[in-house]
Amino acid sequence: MSFEHMHIISMKEFTRDMIDHVLEVAEEMEPIARSKSSSDLLKGKVLGVLFFEPSTRTRMSFEAAMMRLGGEVLSLGSVDASSVAKGETLADTIRVVAGYSNAIVLRHPMEGAARLASEFSAVPILNAGDGAGHHPTQTFLDLYTIKRESHLEGLKVALAGDLKYGRTVHSLCYALSLYGAQITLVSPPELSMPSEIIEDLKKKNIKVIEESSIEDAIQDVEVLYMTRIQKERFPDPAEYQKVANRLQITPEVLKNAKKNLRIMHPLPRTNEITPQVDETPHASYFDQSFYGVPIRMALLCLVMGVFE
Amino acid sequence: MSFEHMHIISMKEFTRDMIDHVLEVAEEMEPIARSKSSSDLLKGKVLGVLFFEPSTRTRMSFEAAMMRLGGEVLSLGSVDASSVAKGETLADTIRVVAGYSNAIVLRHPMEGAARLASEFSAVPILNAGDGAGHHPTQTFLDLYTIKRESHLEGLKVALAGDLKYGRTVHSLCYALSLYGAQITLVSPPELSMPSEIIEDLKKKNIKVIEESSIEDAIQDVEVLYMTRIQKERFPDPAEYQKVANRLQITPEVLKNAKKNLRIMHPLPRTNEITPQVDETPHASYFDQSFYGVPIRMALLCLVMGVFE
Amino acid sequence: MSFEHMHIISMKEFTRDMIDHVLEVAEEMEPIARSKSSSDLLKGKVLGVLFFEPSTRTRMSFEAAMMRLGGEVLSLGSVDASSVAKGETLADTIRVVAGYSNAIVLRHPMEGAARLASEFSAVPILNAGDGAGHHPTQTFLDLYTIKRESHLEGLKVALAGDLKYGRTVHSLCYALSLYGAQITLVSPPELSMPSEIIEDLKKKNIKVIEESSIEDAIQDVEVLYMTRIQKERFPDPAEYQKVANRLQITPEVLKNAKKNLRIMHPLPRTNEITPQVDETPHASYFDQSFYGVPIRMALLCLVMGVFE
């Protein structure tokens with residue numbers, strides 16, 4: 001299975017076989033990501049890093065992935081300080097940077113930016129988030145975390161928080177549906193999962209359950225995936241506070257959780273999960289953050305053709 | 001011919017033999033720049049990158065050049081976040097960074113900054129633009145592009161756009177004069193080539209032609225070098241618009257061009273060249289941008305003494 | 001003596017034997033720092049660089065140290081562009097970055113930040129300054145400079161400038177007291193050395209002399225350590241100017257200096273030392289700046305366990 005020259009734009013382009021292959025390559029990469037062995041697989045290769053929006057985790061884990069494999073990172077830097085500020089089009093910037101690099105990782109505030117970029121790029125584009133669009137490498141790392149910390153096949157999972165605007169959970173739902181899953185949804189009514197997505201899941205024989213409290217939802221699940229609820233979604237700060245309190249994870253809330261429950265969160269968190277939870281065996285969100293490195297190593301190696 | 005320890009401040013310090021040598025070394029570097037072979041020529045070497053003004057292309061191609069050769073890039077970062085903001089002199093900053101690196105690439109808004117820096121630096125300074133002063137590595141990459149995409153000896157070239165303030169075209173004229181050339185100038189009267197430069201060229205037996213339209217100018221030329229006309233040069237926006245429209249390159253304008261015409265532009269472009277031109281065989285500006293990598297590889301290797 | 005996994009938070013944790021060991025390792029590193037030999041000691045290792053405050057010298061010399069040893073540098077970038085701007089706690093940021101790197105160098109405006117970070121980090125924290133707190137790698141480089149340019153045992157040293165707020169000189173005093181020293185203090189009354197520190201030194205049998213003029217102070221000393229006096233410390237600009245003038249080092253002031261006097265300064269300087277002094281054999285501040293590289297190489301190798 002060759003991914004060479006492939007653009008990574010959206011999860012929709014990946015079959016289950018392809019996803020499985022990426023996860024397997026990531027597993028081979030993990031010792032290198034943990035600095036337990038070293039590698040020159042990407043020596044002489046340059047990754048162009050174009051972030052038109054701030055990011056810590058995604059950018060840094062892509063860069064760490066490249067570095068751990070002996071590759072180099074070439075950054076556009078802040079957008080203010082670049083020729084983008086002189087009014088250059090995205091197409092031109094991409095064509096120029098493609099001339100300097102072996103692949104480009106792109107984050108852009110506009111939906112469709114990564115697809116557009118792929119049309120002008122001589123090297124693979126890795127979409128690191130295009131606004132309300134896609135963020136496939138996040139989904140890959142979520143799947144990899146689930147595989148490593150729990151199991152993918154027939155997973156019982158609860159998704160909680162902002163299920164309306166959170167592109168992360170939409171993409172994850174789609175991916176989990178390829179493995180069979182029982183999905184429990186917990187969100188305030190204003191931020192509930194779009195009904196098209198629920199319909200889609202049901203068509204694929206995915207059991208979808210809606211719960212109004214985390215306590216009820218987690219009694220039977222193996223993974224609880226929390227997302228951040230943005231204050232800006234609520235016109236009334238008091239309303240936000242009420243919702244935020246109701247969906248907050250504390251050791252108390254976890255009293256009836258299964259022993260093997262794993263809690264995930266794309267981070268950064270604010271108050272969705274209290275620091276006391278970090279000490280429990282349920283907390284998998286920092287591992288999840290680390291898993292961004294091996295999964296991005298896998299994707300980089302695959303699209304640059306140094307690994308089949 | 002050794003360039004070891006040489007500062008690269010202005011084209012005026014280069015004889016034709018020296019330029020030829022740099023271009024030949026760049027040709028040897030090109031496969032590495034294209035990632036067709038890898039290299040450790042600059043392994044263990046550090047390039048200090050001091051950009052006191054924004055730049056995408058120049059900075060990124062210097063960094064890519066260093067990385068492709070196994071070297072490392074040490075960046076001052078944004079000026080706001082550095083000790084320059086605490087009032088340090090350029091001389092002090094240079095002396096400090098020279099202690100950390102094997103060469104320094106410097107962009108600075110003030111004319112003469114690179115020369116000044118060279119007086120305080122224990123390592124070679126590569127001038128990446130000093131305001132209205134010089135930008136020799138741009139001229140080198142322009143020459144390299146012409147050599148690779150057309151030919152240098154006795155070139156018929158048209159220069160169009162802002163010929164008054166564009167340091168790029170002044171420096172290019174000087175360099176082309178070393179190879180014999182027929183130079184056609186197209187610019188609005190407000191932005192015409194300074195007469196001293198025209199006189200200089202004529203003294204060197206360079207044929208200089210002034211044309212008022214691009215259509216007329218390109219019928220006989222092999223290279224058309226476009227530059228950006230800055231809105232700020234015109235007190236009246238309507239006047240700017242008129243000029244910009246008249247000098248815009250479209251497929252229409254190119255109807256009577258020679259088959260082997262190559263269009264160059266230092267980028268970023270705004271509206272000087274429409275996107276439709278990108279698809280024609282005349283468009284060489286993205287290749288030109290790429291050629292910044294091998295040419296900067298050559299200069300870095302030469303001044304760091306790893307190549308003669 | 002193993003420093004593996006050790007956090008470098010403050011000088012107080014170092015005995016004289018430990019300091020001596022670090023200085024010896026730095027001496028072994030110096031040829032690599034001078035690019036006279038190359039090294040792969042830190043190949044495959046990643047240094048996380050988290051600067052929540054601007055810095056040129058400290059950051060760049062840490063990065064150069066890593067690069068000269070074949071290691072890689074992973075930067076958080078500017079704080080505005082990171083998830084810290086989304087309200088992430090330092091503890092969370094540290095845990096995430098620890099997952100991507102083999103050690104973290106941290107500068108933070110708040111006293112105690114480095115200690116806090118060390119409690120959440122799976123990898124060694126190197127404190128690169130925590131506000132009014134500590135900056136141990138600066139003290140190490142000061143000691144290394146003194147050892148290389150003068151001698152440590154029983155040093156006669158004058159400290160001048162802001163001795164009240166300058167954490168650098170407090171930490172240096174403590175360290176020098178381990179080697180025996182005669183310390184002369186020169187400062188305006190508003191910025192004199194805190195009496196607790198003077199008492200401490202005297203308890204350790206360190207001779208402490210207070211002088212009001214630099215001229216008097218330097219007649220007998222081997223090292224003069226200047227610090228920057230910040231304008232902001234003085235409510236009245238005229239008062240600042242008077243103090244600044246009185247403590248300024250010029251060739252004139254140095255007329256009665258010992259031949260082997262070495263002048264140090266953590267840089268950046270403003271007017272404390274005039275440029276004319278740079279040409280005298282007394283000027284050691286640019287060497288001092290360079291010595292930041294071998295000393296940080298030593299510390300990085302020691303805490304990452306590639307050197308004992």
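Residues numbered from 1 in each chain as written. Chains lettered and ligands numbered in written order. Predicted model: local features only at pLDDT ≥ 70, side-chain atom pairs only at ≥ 80, totals over all residues. Heavy atoms only, no water.

Chain A carries the name Aspartate carbamoyltransferase in an unreviewed UniProt entry, which gives Methanohalophilus portucalensis FDF-1 as its organism. Here is the UniProt Sequence similarities (unreviewed entry) comment for chain A, exactly as written: "Belongs to the aspartate/ornithine carbamoyltransferase superfamily. ATCase family." Recorded in UniProt for chain A, the comment headed Function (unreviewed entry) runs: "Catalyzes the condensation of carbamoyl phosphate and aspartate to form carbamoyl aspartate and inorganic phosphate, the committed step in the de novo pyrimidine nucleotide biosynthesis pathway." (UniProt positions renumbered as here; feature names shortened; annotations may be inferred.)

A. Looking closely at the interface of chain C and chain A. Each partner contributes residues to the interface: chain C has 23 residues there, and chain A has 24 residues. Taken together, both faces of the contact between chain C and chain A bury some 2200 Å²; the carbon and sulfur share is 51%. Summed over the shared surface of chain C and chain A, the result is four salt bridges. Inspection of the region where chain C meets chain A yields 12 residue pairs in polar contact (both at pLDDT 80 or more). Taken together, the elements giving at least two residues each to the side of chain C that touches chain A come down to strand S2 (72-75) and helix H3 (90-98) of chain C. Residues of the side of chain C that touches chain A, tallied by class, amount to eight nonpolar, eight polar and seven charged. (Contact = heavy atoms within 4.5 Å. Buried area = accessible area lost by both parts, 1.4 Å probe. Salt bridge = Lys/Arg side-chain N within 4 Å of Asp/Glu carboxyl O. Polar contact = N/O pair within 3.5 Å; in protein donor to acceptor, adjacent residues only side chain to side chain. Helix = DSSP H or I, 4+ residues; strand = E, 2+ residues; numbered from the N terminus. Nonpolar A, V, L, I, M, F, W, Y, C, P; charged D, E, K, R; others polar.)

B. The environment of serine 61 of chain A, seen in detail. Mapped onto the secondary structure, serine 61 of chain A falls in helix H2 (residues 57-68). Taking the C-alpha atoms as reference, serine 61 of chain A lies 33 Å from glutamate 196 of chain A; in sequence the two are 135 residues apart. Residues contacting serine 61 of chain A, with those up to four places away along its chain left out, are Gly292, Val293 and Arg296 of chain A together with Tyr100 of chain C. One polar contact links the side chain of serine 61 of chain A to the main-chain carbonyl oxygen of arginine 57 of chain A, over a distance of 2.8 Å.

C. Representation of the packing of aromatic side chains. A full pass over the atoms with the stated rule returns 18 aromatic pairs over all chains. Ring centres 4.9 Å apart and planes at 85° place the aromatic pair phenylalanine 14 of chain C and phenylalanine 140 of chain C in the edge-to-face group. Taken together, the residues span a long stretch of sequence, with phenylalanine 14 of chain C in the segment before helix H1 (16-33) and phenylalanine 140 of chain C in helix H5 (residues 136-149) at a distance of 126 residues. Across the pair, exposure class does not vary: phenylalanine 14 of chain C and phenylalanine 140 of chain C are buried alike. Ring pairing ties together the aromatic residues Phe3, Phe14 and Phe140 of chain A, which thus form one cluster. Sitting over the face of the ring of tyrosine 174 of chain A, lysine 12 of chain A holds its NZ or CZ atom 5.1 Å from the ring centroid. (Phe/Tyr/Trp six-rings, centres within 6.5 Å; stacked < 30°, edge-to-face > 60°. Buried < 20%, exposed > 50% of the residue type's maximum accessible area, 1.4 Å probe, protein only. Lys NZ or Arg CZ within 6 Å of the ring centre and 35° of its normal.)

D. Focus on helix H3 (residues 90-98) of chain B. Extensive coverage of H3 of chain B is indicated by the burial of nine of its nine residues. All of the buried residues along H3 of chain B are Leu90, Ala91, Asp92, Thr93, Ile94, Arg95, Val96, Val97 and Ala98 of chain B.

E. View of the pairing of strand S7 (residues 207-211) of chain C. Residue and element names in this part refer to chain C. Note: strand S6 (residues 181-186) against S7, five bridges, orientation parallel. Residue pairing for S7: glutamine 182 is matched across the bridge by lysine 207. The parallel pair S6 and S7 is bridged by helix H7 (residues 195-203), and the resulting crossover is right-handed. (Pairing = 2+ DSSP bridges. Right-handed = clockwise from strand over helix to strand, strands pointing away.)

F. Summary view of the relation of the copies chain C and chain A. Once chain C has been moved 0.0 Å along the axis and rotated by 120°, it coincides with chain A to within an RMSD of 0.0 Å. Look at the turn and shift together and you get a three-fold axis relating the two. Mapped onto chain A, only 4% of the interface residues of chain C again fall at the interface, so the copies present different surfaces. (Least-squares fit on C-alpha atoms with pLDDT ≥ 70 in both.)

G. View of the domain arrangement of chain A. Residue and element names in this part refer to chain A. When cut into domains, chain A gives domain 1 (9-133 + 291-302) and domain 2 (135-286). Its C-alpha centre places domain 1 at a distance of 26 Å from the equivalent point of domain 2. Counting residues at the interface gives 33 residues for domain 1, matched by 24 residues for domain 2. In total, about 2400 Å² of surface goes out of reach between domain 1 and domain 2, with carbon and sulfur atoms giving 61% of it. The largest share of the area that domain 1 buries against domain 2 comes from Met11, Arg16 and Tyr291, three residues that together contribute 30% of it. Across the pair glutamate 27 and lysine 147 runs a salt bridge whose closest N-O atoms are separated by 2.9 Å. Our count for the domain 1 to domain 2 interface comes out at 10 residue pairs in polar contact (both at pLDDT 80 or more). (Domains from an automatic or database assignment.)

H. Expanded view of the sheet that holds strand S4 (residues 125-130) of chain B. Residues and elements named next belong to chain B. Spatial ordering of the open sheet is given by S2-S1-S3-S4, a layout of four strands whose pairing is parallel. Of all the strands in the sheet, the pair left with one neighbour each is strand S2 (72-75) and S4. Each strand axis lies, on average, 20° off the axis of its neighbour in the sheet, ignoring direction. The sheet contact formed by strand S1 (residues 46-51) and strand S3 (residues 103-108) spans five bridges and is parallel. Note that in S3 the partner of phenylalanine 51 across the bridge is arginine 107. Lying on the sheet, helix H2 (residues 57-68) is in contact with S1, S2, S3 and S4; it crosses S1 at an angle near 175°. (Axes fitted to C-alpha atoms, helices over the stretch in contact; angles between N-to-C directions.)

I. Focus on the interface of chain B and chain C. Facing 23 residues of chain B, the contacting portion of chain C comprises 24 residues. Interface area for chain B against chain C, summed over the two sides, is near 2200 Å², with a carbon-plus-sulfur share of 51%. Counting across the interface, chain B meets chain C through four salt bridges. As a salt-bridge pair, lysine 43 of chain B and aspartate 40 of chain C come within 2.9 Å of each other at their nearest N and O atoms. Where chain B meets chain C, there are 12 residue pairs in polar contact (both at pLDDT 80 or more). If you list the elements that add at least two residues to the side of chain B that touches chain C, you get S2 and H3 of chain B. Classifying every residue of the side of chain B that touches chain C by side-chain character gives eight nonpolar, eight polar and seven charged.

J. Region of the structure containing the pattern of salt bridges. Inspection of every chain in the model, using the stated rule, returns 54 salt bridges over all chains. Measuring nitrogen to oxygen at the nearest pair gives 3.3 Å for the salt bridge that ties arginine 59 of chain C to glutamate 63 of chain C. Here the residue arginine 59 of chain C and the residue glutamate 63 of chain C both occupy positions in helix H2 (residues 57-68), the gap between them amounting to four residues, near one helical turn. Side by side, arginine 59 of chain C and glutamate 63 of chain C carry an identical accessibility label, which is buried. Beyond isolated ion pairs, a larger network of salt bridges with shared partners links Asp92 and Arg95 of chain A together with Arg269 and Asp278 of chain B.

K. Focus on the pairing of strand S6 (residues 181-186) of chain B. Residues and elements named next belong to chain B. Of all six residues in S6, six are buried, a share of seventy percent or more. Burial along S6 is two-sided: Ala181, Ile183 and Leu185 and Gln182, Thr184 and Val186, pointing in opposite directions, are all buried. Here strand S5 (residues 155-160) runs beside S6; their pairing, made up of six bridges, is parallel. Its bridge partner being in S6, alanine 158 is matched across the sheet by threonine 184.

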